[in-house]
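Here is what each chain is made of, one letter per residue.
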Amino acid sequence: MVSMSETRSRWFTAEQRRALIQEYGIFLAFLILAVILSVSNEFFLTPGNISNVLLQTSINGVLAVGMTFVILTGGIDLSVGSVVALAGIVSASFATTSSTAAVYGAPYPVVIPLAIGVLVGVACGALSGLIVSYFAVPAFVTTLGMLSAARGLTLIYGGGRPVPALTPEFRWIGTGHVFGIPAPVIILAVIFGLAWWTLTRTRFGRYIYAVGGNAHAAKTSGIDVVRIRFAVYVISAGLAGIAGMLLSARTGSALPQAGIAYELDAIAAVVIGGTSLSGGVGRITGTLIGALIIGVMNNGLDLMGIQSYYQQVLKGALIVGAVMLDQKRSYGA
Amino acid sequence: MERLLEVEGLKKSFGGVAALSDGRLELRAGSVHALCGGNGAGKSTFLKILMGIYKRDGGVIRRRGVEVDYASPAEALAAGIAIIEQELSPVPHMTVAENIYLGREPSRRFGGIDFNSMNRAAQALLDELEFNIRATRRMNDLTVAEMQLVEIAKALSHDAEVIFMDEPTSAIGEREAQRLFAAIRRLQALGRGVVYVSHRLSEIFEIADSYTAFRDGAYVGSGLLAEVRRQDLIRMIVGRELSEEYVKTNTPSDAVGIRVEDLCRPDAFEAISFSAHKGEIFAIYGLMGSGRTEIFECLFGLEKASAGAILIDDQQVTIRRPADAMALGVALVTEDRKSTGLNLLDSVRANICMASLPTLSPLFVMNRAGEADASRRMRADFQIKAARDTMPVSGLSGGNQQKVVLGKWFLRNPRILLLDEPTRGVDVGAKREIYRIMCDFANSGGTVVMVSSEIDEVLGMADRIMVMRNGRSVGTFDRGETDAQALVNLST
């Protein structure tokens, strides 16, 4: 039928355009940004600075990877900033030499606090996930509640005080190097690789896209939608737990006010990376670039000596601008 | 009679490909004009140009003899052209009157809305049309058919002379369709012109007086319906000879495929019993809301039945989740492929494989070659016309989308196929292919249970028909012992 070929070829150009933009648009934006910065500042491209940018991106990158899983199902996780603080302070209390802040028997061998940090995150995520998936409470509300509750628990647990004097072994995950590469960067790379593999190569990944694309159709196809929804919140909060430990390990002490507003940067990275907030569409590579763009921009503006106040305005413009371009592309045809 | 609208040689291309190469139409006052054509024939493009949504590349539109060019739907509406779209978009939490006068609310002295006169005006309009709807009711309390009537009233409140209706009966039952037809006849009596777009030929012959057929983006013929035979109209639409609309080749066996005994679900249906045989096409006929879809939901584990038993191959089974039903070889093609059948954001291949991933990739990691192969097989079996299977399924025509849904389930080699309105919104050519797929499946020993509100389809394809009314079965008939009249009488 001729009508077939007509939809076909019309679609082809649109697809090619979209594919090009999705695959390379964000890379292009990132490259342009990097070129501008390296031309305008000779210090930008030095190995030391690149390593610094990656280090600064690592925590937000880890959070953004988890956020991508949640947003792909059409959800949102506002609680990651608070989970960062809670996991950071609880794990730190098992890894401190300070007699006042430590739990009984601390410092424990480094695996114990590390495992506990992840577990704290997973527990928060399991609770949010249960409420979102099984009780069908909107994710925005559920994780807003968790944002408040986890922050409160952080303050209760530490009595509002920081946990200082962490063991060098624990601090290594935030400050150590392997072949000159900072440990947090390696951790981010591993997490990113696993996430990429999960989303593109496993059944679970495909179910995440299916649930986000059309939950009804997923359900009638025999997919356990409740379980998939539950799992993404566990992943997101579990990664927030890891991010919390990276943060306290890097600064050497766990602060009760750590991670405030971190969820916003994570969401920003996902959105700049081209993932749709309504779910079903997006790539984890986009998220990584999104996080890098935020990191590079902050760093570049620092190098140029622009006040951090202005940086926030620019970041806001970047987030909205990126999505605006996306909308224009999909509706402009 | 005066000509309300004349269109000649309308052209529109997208990215160098013609969606419409020669659109023509002549609408006279007091006429109901059927616009016929398969999916992709260019009907929607045609309507969108007339409504000022798309800009035409060429051609002439004359409104009462004057050449016109509308740049927006608002301009078209101001010129007396309104459209009742296939998917209505009312503001659900507002009243009927508020919806009718949306954007034109009469105001009081200090800028507030004069609700009293607005409600009065709306009620007067509805009464004049004899629609029997209260203007103060909320939109979301109305049935789909009533919402359509409100849309018609809204069009008339804009003084629309030309009213397009795009598949108005696709979501309503037989009785409600009759109510709509009565409204259309009233419009006709008022001297308005109606352009009626539908895939259902019986309806076209019932309500319209003249027709224009499009095929592959171009005009192929027009005339009075009284002077055209149904087969000839089909040939114009399809472009080839279709000897028979309903080709039935299956033969039922004696072995029972699925038996349902006294199945109940509160507020949906009561004491439903039937058995469908292997090799049989068993139809459930009833109006929307008669409980037919809800039966499928229970058989497929989407909802729980409160009482009753389901037997597959004479074994009583428990179905709690869709996965249970699927493990027993049951497949469900849902009524609305866009909202419950497909993931429109994903590719053809991903949709075909969506229900089979555990089988295709028993390990956690996906078997990509296996998926590509499965998709290739299904596309070949069902002649799914897609450029590549990695393109989004949303880019396909309705008929091909429906075949993707069928492919998704056939990939699982089902034994029992539950089909809910399998040919809704699908053109005549694709319909025949779907019927062929159904018959082939039955002949290979499968059991087909089909829900349909299209009488012709039920009578043409089913071996036996169970009629439902208000959640109860009112009888099961062999196809030979019933007719359209009897089915309508029993179901209403």
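Predicted, not measured: the structure shown is a model, and the values here were computed from it.

*Asks:* Any chance you could break down the overall build of chain A for me, citing the residues and the numbers?
*Replies:* When its secondary structure is counted, chain A shows 13 helices and two strands. Compactness check: chain A gives a C-alpha radius of gyration of 21 Å against a globular reference of 20 Å for 333 residues, within 12% of the reference. Looking at chain A residue by residue over its 333 residues, the buried ones come to 51%. Restricting to contacts in chain A with at least 6 residues of sequence separation, those with at least 24 account for 78%.

*Asks:* Tell me what's going on with the overall build of chain B, and back it up with residues and numbers.
*Replies:* Regarding its fold elements, chain B presents 18 helices and 20 strands. Radius of gyration (C-alpha) of chain B: 24 Å, near the 23 Å computed for a compact globule of 492 residues. For chain B, with 492 residues in total, the buried portion stands at 50%.

*Asks:* Account for the domain arrangement of chain B, with residues named and values stated.
*Replies:* Residue and element names in this part refer to chain B. Splitting chain B by domain gives domain 1 (3–238) and domain 2 (256–491). Taking the mean C-alpha position of each, domain 1 and domain 2 sit 32 Å from one another. If one sorts the elements of the side of domain 1 that touches domain 2 by residue count, helix 8 (residues 230–238) sits on top with three residues. Here the residues of the side of domain 1 that touches domain 2 are counted per class, giving four nonpolar, seven polar and four charged.

*Asks:* Describe the sheet that holds strand 13 (residues 281–285) of chain B, with residues and values.
*Replies:* Neighbouring strands of a sheet are bound in pairs by backbone hydrogen bonds; such pairs are parallel or else antiparallel. Residues and elements named next belong to chain B. With mixed pairing, the six strands of this open sheet are ordered in space as 16-17-18-13-19-20. Each edge of the open sheet carries a strand with a single partner, namely strand 16 (330–333) and strand 20 (472–478). If you compare each strand with its neighbour and ignore which way they point, the axes differ by 15° on average. In this structure, strand 17 (residues 416–420) lies alongside strand 18 (residues 447–452), joined through five bridges in parallel fashion. Looking at the pairing, Ile416 lines up with Thr447 of strand 18. Where helix 9 (residues 292–299) meets the sheet, it contacts strand 13, strand 16, strand 17, strand 18 and strand 19 (464–469), and its direction lies at approximately 145° from that of strand 17.

*Asks:* Quick rundown of the nonpolar core? Include the residues and the values.
*Replies:* Grouped together as the largest cluster of nonpolar side chains are 170 residues, with contacts concentrated most on Leu63(A) and Leu418(B). Of the residues forming this core, the biggest block, 16 residues, is contributed by helix 10 (residues 225–251) of chain A. Ignoring anything within four residues of it in the chain, the contact list for Leu63(A) reads Val80(A), Leu239(A), Ala240(A), Ala243(A), Tyr262(A) and Ala266(A). Among the nonpolar cores identified, the runner-up in size contains 70 residues, and Tyr101(B), Val150(B), Leu233(B) and Ile237(B) belong to it.

*Asks:* Now, about unusual backbone geometry: what can you tell me, with residues and values included?
*Replies:* Positioned with a positive phi, Ala261(A) is a non-glycine residue whose angle comes to about 70°. One can find Ala261(A) in the loop between helix 10 and helix 11 (262–272). If you check the backbone angles, Asp262(B) has positive phi at about 50° while not being a glycine. Looking at the element boundaries, Asp262(B) is found in strand 11 (residues 256–265). What makes Asp262(B) exposed here is the crowd of 12 C-beta atoms within 10 Å.

*Asks:* Go over the packing of helix 3 (residues 80–93) of chain A against helix 5 (residues 139–158) of chain A with me, naming the residues and quoting the values.
*Replies:* Residue and element names in this part refer to chain A. Contact geometry of helix 3 with helix 5 gives a least axis separation of 8 Å together with a crossing angle of 25°. Here helix 3 is positioned roughly parallel relative to helix 5, judged by the angle of their axes. The two elements helix 3 and helix 5 cross, and the hand of that crossing is left-handed. Of the residues in helix 5, those in contact with Gly81, Ser82, Val83, Ala85, Leu86, Ile89 and Val90 of helix 3 are Met146, Leu147, Ala150, Arg151, Leu153, Thr154, Tyr157 and Gly158. Each residue belonging to the contact of helix 3 with helix 5 can be placed in one class, and the counts come to ten nonpolar, four polar and one charged.

*Asks:* Run through the sheet that holds strand 14 (residues 307–312) of chain B, naming residues and quoting values.
*Replies:* Residues and elements named next belong to chain B. Taken in spatial order, the four strands of this open sheet run 12-11-14-15, and their pairing is antiparallel. Among the strands making up the open sheet, the edge pair consists of strand 12 (269–277) and strand 15 (315–317). Each adjacent strand pair in this sheet contributes to an overall mean axis angle of 20°, direction not counted. Sheet topology places strand 14 next to strand 15; three bridges connect them, and they run antiparallel. Looking at the pairing, Ile312 lines up with Gln315 of strand 15.

*Asks:* Break down the environment of Asp463(B) for me, with residues and values.
*Replies:* Residue and element names in this part refer to chain B. Along the chain, Asp463 falls in the loop between helix 17 (455–461) and strand 19. Assessed through the 20 C-beta atoms surrounding it within 10 Å, Asp463 is described here as buried. Considering only alpha carbons, one finds Asp463 and Asp478, 15 residues apart in sequence, at a separation of 6.1 Å. Once you skip the residues sitting within four places of it in the chain, Asp463 turns out to touch Pro252, Glu280, Ile281, Phe282 and Arg479.

*Asks:* Requested: an account of the UniProt feature "transmembrane region" (unreviewed entry) in chain A, with residues and values cited.
*Replies:* Within the UniProt annotation, "transmembrane region" (unreviewed entry) is assigned to residues 21–39, 59–76, 83–104, 110–132, 139–159, 179–199, 230–247 and 267–294 of chain A. End C-alpha to end C-alpha, residues 179–199 of chain A measures 29 Å, and it is 81% helix and 10% strand.

*Asks:* Let's hear about the packing of helix 7 (residues 183–201) of chain A against helix 12 (residues 284–303) of chain A: which residues, and what values?
*Replies:* Residues and elements named next belong to chain A. At their nearest, the axes of helix 7 and helix 12 sit 9 Å apart, and the two run at 150° to each other. In terms of their interaxial angle, helix 7 and helix 12 are classed as roughly antiparallel. Contacts between helix 7 and helix 12 pair Phe192, Ala195, Trp196 and Leu199 from the former with Ile284, Thr285 and Leu288 from the latter. Residues belonging to the contact of helix 7 with helix 12 are distributed by class as follows: six nonpolar, one polar and no charged.

*Asks:* Before we move on, could you go through the environment of Ala145(B) and cite the residues and values that matter?
*Replies:* Residues and elements named next belong to chain B. As for its placement among the helices and strands, Ala145 is situated in helix 5 (residues 144–157). Taking the number of C-beta atoms within 10 Å as the measure of exposure, Ala145 has 21 and is therefore buried. For the pair formed by Ala145 and Val428, sequence separation is 283 residues and the distance between their alpha carbons is 24 Å. Not counting the four nearest positions on each side in its chain, Ala145 is found in contact with Ile172, Glu176, Arg179 and Leu180.

*Asks:* Before we move on, can you summarise helix 2 (residues 47–72) of chain A with the specific residues and values?
*Replies:* Taking the largest bend as the criterion, helix 2 of chain A deviates by roughly 40°, centred on Ser58(A). Counting buried positions along helix 2 of chain A yields 20 of 26 residues, so the element is predominantly enclosed.

*Asks:* Break down the confidence of the model for chain A for me, citing the residues and quoting the values.
*Replies:* For chain A, the mean per-residue pLDDT works out to 87, and 91% of the residues sit at or above 70. By mean pLDDT, helix 1 (residues 2–40) of chain A is the weakest element of chain A at 66, and helix 4 (residues 111–133) of chain A is the strongest at 96.

*Asks:* Give me the pairing of strand 20 of chain B: which residues, what numbers.
*Replies:* Residues and elements named next belong to chain B. Direction of pairing for strand 19 relative to strand 20: antiparallel, over a ladder of five bridges. The residue bridging Arg464 from the neighbouring strand is Asp478, located in strand 20. Two successive antiparallel strands, strand 19 and strand 20, enclose a turn made up of two residues, where Asn470 displays a positive phi of approximately 50°.

*Asks:* Account for helix 6 (residues 174–189) of chain B, naming residues and giving values.
*Replies:* All names here are of chain B. Under the 1.5 Å per step criterion, the end-to-end length of helix 6 is 23 Å for 16 residues, consistent within 8% with the ideal 22 Å. On its buried face, helix 6 is in contact with strand 3 (32–36), helix 5, strand 7 (162–166), strand 8 (193–197) and helix 7 (201–207). Taken from the residues just after helix 6, Gly191 is the one with a positive phi, measuring 85°.

*Asks:* Quick rundown of the environment of Thr169(B)? Include the residues and the values.
*Replies:* Secondary-structure assignment places Thr169(B) in the loop between strand 7 and helix 6. With 281 residues separating them along the chain, Thr169(B) and Met450(B) place their C-alpha atoms 19 Å apart.

Cut-offs used in this document
Residues numbered from 1 in each chain as written. Chains lettered and ligands numbered in written order. Predicted model: local features only at pLDDT ≥ 70, side-chain atom pairs only at ≥ 80, totals over all residues. Helix = DSSP H or I, 4+ residues; strand = E, 2+ residues; numbered from the N terminus. Rg over C-alpha atoms; globule rule 2.2 N^0.38 Å. Buried ≥ 20, exposed ≤ 12 C-beta atoms within 10 Å, placed from the backbone. Contact = placed C-beta atoms within 7 Å. Domains from an automatic or database assignment. Nonpolar A, V, L, I, M, F, W, Y, C, P; charged D, E, K, R; others polar. Pairing = 2+ DSSP bridges. Axes fitted to C-alpha atoms, helices over the stretch in contact; angles between N-to-C directions. Core = buried A, V, L, I, M, F, W, Y, C linked by C-beta atoms within 7 Å. Parallel < 35°, antiparallel > 145°, perpendicular 65-115°, else oblique. Left-handed = near helix turned anticlockwise from the far one by under 90°. UniProt positions renumbered as here; feature names shortened; annotations may be inferred. Bend = angle between axes of the 7 residues up to and from the residue. pLDDT = per-residue confidence, 0-100. Expected span 1.5 Å × (residues − 1).

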